[in-house]
Every structure is written in structure tokens, then in C-alpha cells.
Amino acid sequence: MNDFNKEERLAWEKILEGFEDDMVLSQAVHVHEIDQVLMERTGDILWRPEPNIMPIYSGVDMTENFVAVVQLSVPTQIGYEYSVPWTMTHLELRDALQNDRLGMAAKQRLSSQINYSVMEVARDFGTIVSVKSGAASGYTDVADMEAMFNRVGIPHSDRHIAYNTGDYNSMAADLANRETMGEIGTKAYRESFVGNIANFKLLKLDYGLSLAAGTATGLTIDTRTAAGNYHQPRATRTTNGLRGNVDNRFQVITPSAVTNLAAGNVITFAGITEVHHINKQSTGELKTFRVMDVGTSTITICPPIISAQGGTIGEVQYQNCEVAASATAAITVINTVRRAFNPAWHKDAIELVPGRHAHTADAGVPTLRASTAQGIEISFRKFEDIDTLLTKYRMDIRYGVTAVQPEMMGGQLFRQT
């Protein structure tokens, strides 16, 4: 067998040492190990339970209140598969340093892709969005995100927010100007370091994902009960005699028109205010929603409007807003300028699912395998062509990233008009 030599194995160990260091965002999300045989048998999709929220009633007599609660679930999937392949000639192989550099470059590209996938999910599914008219200024901005998370009952621990370099450095400038903060201000000045603010762990991104400007105006939606633009959570649905799980993260609604609405838009509805997820008390603040898809006359939003207008037990459990009903509730797009989206999330809101590739031991292709601290398996293979003396290398990863709870994640946009 064309096995790996000692130098290649040592280089592999060095690659793994740096792999975990590069996976900054993936270390800030929940990792769920799933049996790979089970995933193969379920088409790489597994339904994961959402946190339960129980209803509460006043009084002593509970005779009428003993009902089956609704357990919601979310499909998590291993859907990302990436490889970095390269070749080396029999002459290039003489330079072991060059081989080592290519391996390190492959590692950097793969770890960057995992971070990118996490960031993409955080941007596209984040529903708690803070919009600022000015530039990032420091503590007050992060404190605004804290207030928004606190209002709806998101756990105080394990909160993260990732700022692009420009916005992060603006935060650091705020600290650098605070002479009374001693070492903290000095570090902010010398290293553009912020650290933890307002119960969030701040991360700096050397690149960020932008959110396109929304341009839709003059649209409305009927929020009266008769219009049916509200969601009734259910665990399962029966279609053609077959029962299947329901993904309750999304809802299809019918606005007055869909002109200029686009996926990614952050929107509010007049009269729809958020409630605390546990005690169901209204915060008095407009709830933010994301447009996920636009049809010919409908749009898909996240999260759904769970206003308890239908009176089902699922709505009582998972109510997330309060509605002041109107036939013409205005739809307002609040992301009006294309800017970097700075994602914020609770660790349990995003789930990273490690996958792996099967390997046939007698196939004649030597393989090295290892797993990072997050459980992501990296495989390293090589094959030499006897006809050309060309050696092929490839490094592979396989994983899934799921927004398990979009209402425990969001983000911040600056310089919006």
C-alpha cells in the first residue's frame, strides 16, 4: 500500500494543532454528535426537539386544563461537504517544506469554510435585529442587543456577538478613550481589543457578510383573526394518511402585495409587539421578522406570528407576540442600507453537526483521520499515479449547521437611514 511516510504524518499533526485555533465561530455554537449509521438511514436528516415552554393557569380547579402539550422539533441535516484537492509532481515532492505549506493552506481553507457556514446561518436566520442610524460607538450598542435579548427571556449565559473589523474597532475606540478604565482602555488602544461587554462575548471577524438594502414601501397586512395571518404550532401533520413532523420556524403569510420584498429583509408589522417567551408579558416593542422567501402573492417569514389568536394549546405554549388587529397593518423594512450584518446568538441557538466519510481499508488509498475538539472529522488521503508519477492529495470535511432556535439569535446593523 502507498502509505504515508513519517514526514507526512508529522505535518498532519501540525495541521491539526492549528485547525481548532482557526475555528473561532464554530467554538461558540452547540455541537451535537449524531450516530453516523443513523444519519445514513434517515437521509442525513434528524429531527431535534426545541425547548419546551409550558402553559400556566390561575386558580385551584385545573379540570379543564389537563391537555397534551405540543413538543416542537427542528430538522437538522448534514448538508455541507467540502474538499481541498491538490497534486504534486515527483520533483516537487523533494521539497518537504512545500508539501507542509500546501497542507497548512488546505487546513486554513477548510476551517474558514466552517466559520463561514456558521456565520451565514447566523445572518440568514437571526430574527432579533437591532438597527442603528449611526456608526458603531461602543457599549451602548452592545447594551441595546442585551436589552433585546433580555426582553424576550433568552438565557444570560453563553451569548456571543461577532462584529466585522470596522465596527469592532469602533467599539475599541470607545474603550480606548476611557482613561479611567486603565488596562482595559490601554489594551483597546494598543490591540483594538474589546473582550466582553454587556453580557456578550465579542468576537472580531476579519471578514463579514453584508445584508442587502430593503426597498419595499407602502405594503400592509391584515392582522385580524379572520384573515388567518397567524401561526398555530403543531408537532406533526398528516398528509395522504402519512404523519410527518412540522418545521415551525417558518410561516407563509399574505401581504397586500410583495413588490420589492426580498429574502433577507428585516421587517416589522404595525401593532405586532414581542412578548417574553416564558411569562408572555408584552414588551411594548415591535417584533422583528425576517423574510425567508418571496412568492407571487405570499412571503415566508421567520419566526412565525404566534399571537394566540386561534386559541390552541400550541399557541398558548409558544406565543411570541401580541397583536393589535388591523385590516391594514403597515409592513416596514428596517434594513435600508447595504451594510455588514453583525450576528448575535445564544450558543444553543445554532447547532453544528459533525459528519464523516466512510473509508474502505483495502482500496489502496492511504488515509489519515482525526477529529477536532468540536468533533469535526478531517480526512487526509493521497494516491500516486504510476503512469505519471503524479501524487494526488485531498483533505475533506463533512458537517451540518442548523438554526435550531431563530428566536435566540439576531444581529446588529449600523448606518441605516
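Given the structure is predicted, the values throughout are model-derived calculations rather than measurements.

**Q** What am I meant to see in the sheet that holds strand β15 (residues 272-275) here?
**A** The strands making up a sheet associate through hydrogen bonds between their backbones, and the pairing can be parallel or antiparallel. Strand order in this open sheet of three strands is β16-β15-β19, and the pairing throughout is antiparallel. Two strands bound the open sheet, and with one partner strand each, they are β16 (282-286) and β19 (321-323). Between one strand axis and the next, the sheet turns through 40° on average, direction left out of account. Relative to β16, β15 runs antiparallel, the two being bridged by two bridges. Directly across from Val275, in β16, lies its bridge partner Ser282.

**Q** Just to check I follow, could you spell out helix α4 (residues 139-151) for this structure?
**A** Because each turn of an α-helix spans 3.6 residues, side chains separated by three or four positions in sequence point in the same direction. Between its terminal C-alpha atoms α4 stretches 18 Å, which fits the 18 Å expected from 13 residues at 1.5 Å a residue. Asp141, Val142, Ala143, Met145, Met148 and Phe149 are the residues of α4 that are buried.

**Q** What am I meant to see in the sheet that holds strand β14 (residues 266-269) here?
**A** Strands sit in the order β10-β20-β14-β17-β18-β13 across an open sheet of six strands; the sheet is antiparallel. Two strands close off the open sheet at either side, each with one partner strand: β10 (219-221) and β13 (251-253). Across the sheet, the axes of successive neighbouring strands diverge by a mean angle of 45°, strand direction being ignored.

**Q** Sorry if this is basic, but what is going on with the packing of aromatic side chains here?
**A** The geometry of an aromatic ring pair comes down to the distance between the two centres and the angle between the two planes. Inspection of every chain in the model, using the stated rule, returns nine aromatic pairs. Residues Trp86 and Phe380 carry aromatic rings whose centres are separated by 6.1 Å and whose planes lie at 20° to one another, so their mutual orientation is stacked. Taken as a pair, Trp86 in strand β4 (residues 80-88) and Phe380 in strand β25 (residues 377-385) lie far apart in primary sequence, 294 residues in all. On the basis of relative accessible area, Phe380 is assigned to the buried category, the value being 6%. Cluster of aromatic residues (ring-pair linked, three or more members): Tyr80, Tyr82 and Tyr399. Between Arg290 and the ring centre of Phe341, over which it is positioned, the NZ or CZ distance is 5.4 Å.

**Q** Would you mind going over the environment of Val142 with me for this structure?
**A** Relative to the helices and strands, Val142 resides in helix α4. Between the C-alpha atoms of Val142 and Met171, which are 29 residues apart in sequence, the distance is 9.1 Å. Filtering out sequence-adjacent residues up to four positions away, Val142 remains in contact with Tyr163, Met171, Ile197, Ala198, Phe200 and Leu202.

**Q** Explanation requested: empty space enclosed by the protein in the structure shown.
**A** Under the counting rule described, the total for this entry stands at two cavities of 30 Å³ or more. Taken as a whole, the second largest cavity holds about 30 Å³ of empty space. Lining the second largest cavity are Thr127, Ile128, Val152, Glu274, Lys287 and Thr288. A class-by-class count of the residues in the lining of the second largest cavity yields two nonpolar, two polar and two charged.

**Q** Just to check I follow, could you spell out the confidence of the model for the protein chain for this structure?
**A** The predicted coordinates ought not to be read in detail in places where the model reports low pLDDT. For the protein chain, the mean per-residue pLDDT works out to 82, and 78% of the residues sit at or above 70. Every residue in residues 180-193 is under pLDDT 50, and counting partners more than four places away or in other chains gives 20 contacts.

**Q** Looking at this structure, how should I read the pairing of strand β8 (residues 200-205)?
**A** The side chains of a regular strand alternate between both faces of the sheet. Relative to β8, strand β6 (residues 159-164) runs parallel, the two sharing five bridges. Residue pairing across strands places His160 opposite Lys201, the latter belonging to β8. Strand direction decides the pairing type here: strand β7 (residues 196-197) and β8, joined by two bridges, are antiparallel. Paired with Asn196 across the strands is Lys201, a residue of β8.

**Q** Explain the pattern of salt bridges here, please?
**A** Tallying each qualifying case throughout the model produces nine salt bridges. As a salt-bridge pair, Lys132 and Asp144 come within 3.8 Å of each other at their nearest N and O atoms. Here Asp144 lies in helix α4 and Lys132 lies in the loop between β5 (128-131) and α4, a separation of twelve residues in the sequence. Judged by relative accessible area, which is 22%, Lys132 ranks as partly exposed. Where salt bridges share partners, they join Arg381, Arg394 and Asp396 into one cluster.

**Q** How should unusual backbone geometry be read in this particular structure?
**A** Most peptide bonds are trans, and most residues other than glycine sit at a negative phi. Of note, the bond from Cys302 into Pro303 is cis; its omega dihedral lies within 30 degrees of zero at -5°. Along the chain, Pro303 turns up in the loop between β18 (299-302) and α7 (313-318). Phi is positive for Asn260, close to 70°, though the residue is something other than glycine. As for its position among the elements, Asn260 is in the loop between β13 and β14.

**Q** What is the right way to read the side chain of Arg290 from this model?
**A** Mapping Arg290 onto the fold places it in strand β17 (residues 289-294). For the buried Arg290, which has no salt bridge, the nearest side chain bearing the opposite charge is Asp124, at an N-O separation of 5.1 Å. A polar atom in the side chain of Arg290 sits 2.7 Å from the backbone oxygen of Arg123. A distance of 2.7 Å separates a polar atom in the side chain of Arg290 from the backbone oxygen of Gly126.

Criteria and thresholds
- Residues numbered from 1 in each chain as written.
- Predicted model: local features only at pLDDT ≥ 70, side-chain atom pairs only at ≥ 80, totals over all residues.
- Heavy atoms only, no water.
- Pairing = 2+ DSSP bridges.
- Helix = DSSP H or I, 4+ residues; strand = E, 2+ residues; numbered from the N terminus.
- Axes fitted to C-alpha atoms, helices over the stretch in contact; angles between N-to-C directions.
- Expected span 1.5 Å × (residues − 1).
- Buried < 20%, exposed > 50% of the residue type's maximum accessible area, 1.4 Å probe, protein only.
- Phe/Tyr/Trp six-rings, centres within 6.5 Å; stacked < 30°, edge-to-face > 60°.
- Lys NZ or Arg CZ within 6 Å of the ring centre and 35° of its normal.
- Contact = heavy atoms within 4.5 Å.
- 1 Å grid on protein atoms, 1.4 Å probe; cavity = no way out; pocket = protein on both sides within 12 Å on 5 of 7 lines; lining within 4 Å.
- Points joined across faces, edges and corners; volume = space filled by probe spheres on them.
- Nonpolar A, V, L, I, M, F, W, Y, C, P; charged D, E, K, R; others polar.
- pLDDT = per-residue confidence, 0-100.
- Salt bridge = Lys/Arg side-chain N within 4 Å of Asp/Glu carboxyl O.
- Lys, Arg positive; Asp, Glu negative; His and termini not counted.
- Polar contact = N/O pair within 3.5 Å; in protein donor to acceptor, adjacent residues only side chain to side chain.

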